[in-house]
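# Structural description and commentary
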Amino acid sequence: MVRTILAAILATGIMSLPVMAAEQYWVARDAVSKQCEIVPKKPDGTLIVDLGKKKYASEGEARKAMEAMSDCKKK
């Protein structure tokens, strides 16, 4: 009985690893249009430039940070 429960807990833990893998977001600016955007992978530095050099755990956090950045303010 204990082995069955332990196996079920272990299987559940292994299967939930991809779900628990945290997505990361970066605030970036397009080098040509100078428009800020939130991207799901680290900017390459050529066409899309990383602003702030920080990754965010959620898109909401990245959006708040983008709104606070002076480079992303609408003129």
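All of the points below concern the structure found in this document. Just so you know, these numbers come straight off a predicted model, no measurement behind them.

## Examining the pattern of salt bridges
- In total, this model carries 1 salt bridge according to the counting rule given.
- Linking Glu59 and Arg63 is a salt bridge whose minimum nitrogen-to-oxygen distance equals 3.4 Å. Highlighted residues: Glu59 and Arg63, both in helix α3 (residues 59–68), separated by 4 residues, approximately one helical turn.
- On the basis of relative accessible area, Arg63 is assigned to the partly exposed category, the value being 37%.

## What to know about the state of the cysteines
- Scanning the model with the defined rule gives 1 disulfide in all.
- Between the sulfur of Cys36 and that of Cys72 lies a disulfide, 2.1 Å long from S to S. Looking down the S-S bond of the Cys36 and Cys72 bridge, the torsion is -90°, so its handedness is left-handed. Separated by 36 residues along the polypeptide, Cys36 in strand β2 (residues 36–39) and Cys72 in the segment after α3 bring together distant segments of the chain. An identical accessibility class is assigned to Cys36 and Cys72; each is buried.

## Looking at the nonpolar core
- Counting residues in each nonpolar core, the largest one holds 11 residues, listed as Tyr25, Val27, Cys36, Ile38, Leu51, Tyr56, Ala62, Ala65, Met66, Met69 and Cys72.
- Going through the elements one at a time, β1 (25–30), β2, β3 (48–56) and α3 are the ones with two or more residues in this core.
- For this core, the element with the highest residue contribution is α3, accounting for 3 residues.
- Setting aside its immediate chain neighbours within four residues, Ile38 contacts Tyr25, Trp26, Glu59, Ala62, Arg63 and Met66.

Cut-offs applied
Residues numbered from 1 in each chain as written. Predicted model: local features only at pLDDT ≥ 70, side-chain atom pairs only at ≥ 80, totals over all residues. Heavy atoms only, no water. Salt bridge = Lys/Arg side-chain N within 4 Å of Asp/Glu carboxyl O. Helix = DSSP H or I, 4+ residues; strand = E, 2+ residues; numbered from the N terminus. Buried < 20%, exposed > 50% of the residue type's maximum accessible area, 1.4 Å probe, protein only. Disulfide = S-S within 2.5 Å. Core = buried A, V, L, I, M, F, W, Y, C linked by side-chain atoms within 4.5 Å. Contact = heavy atoms within 4.5 Å.

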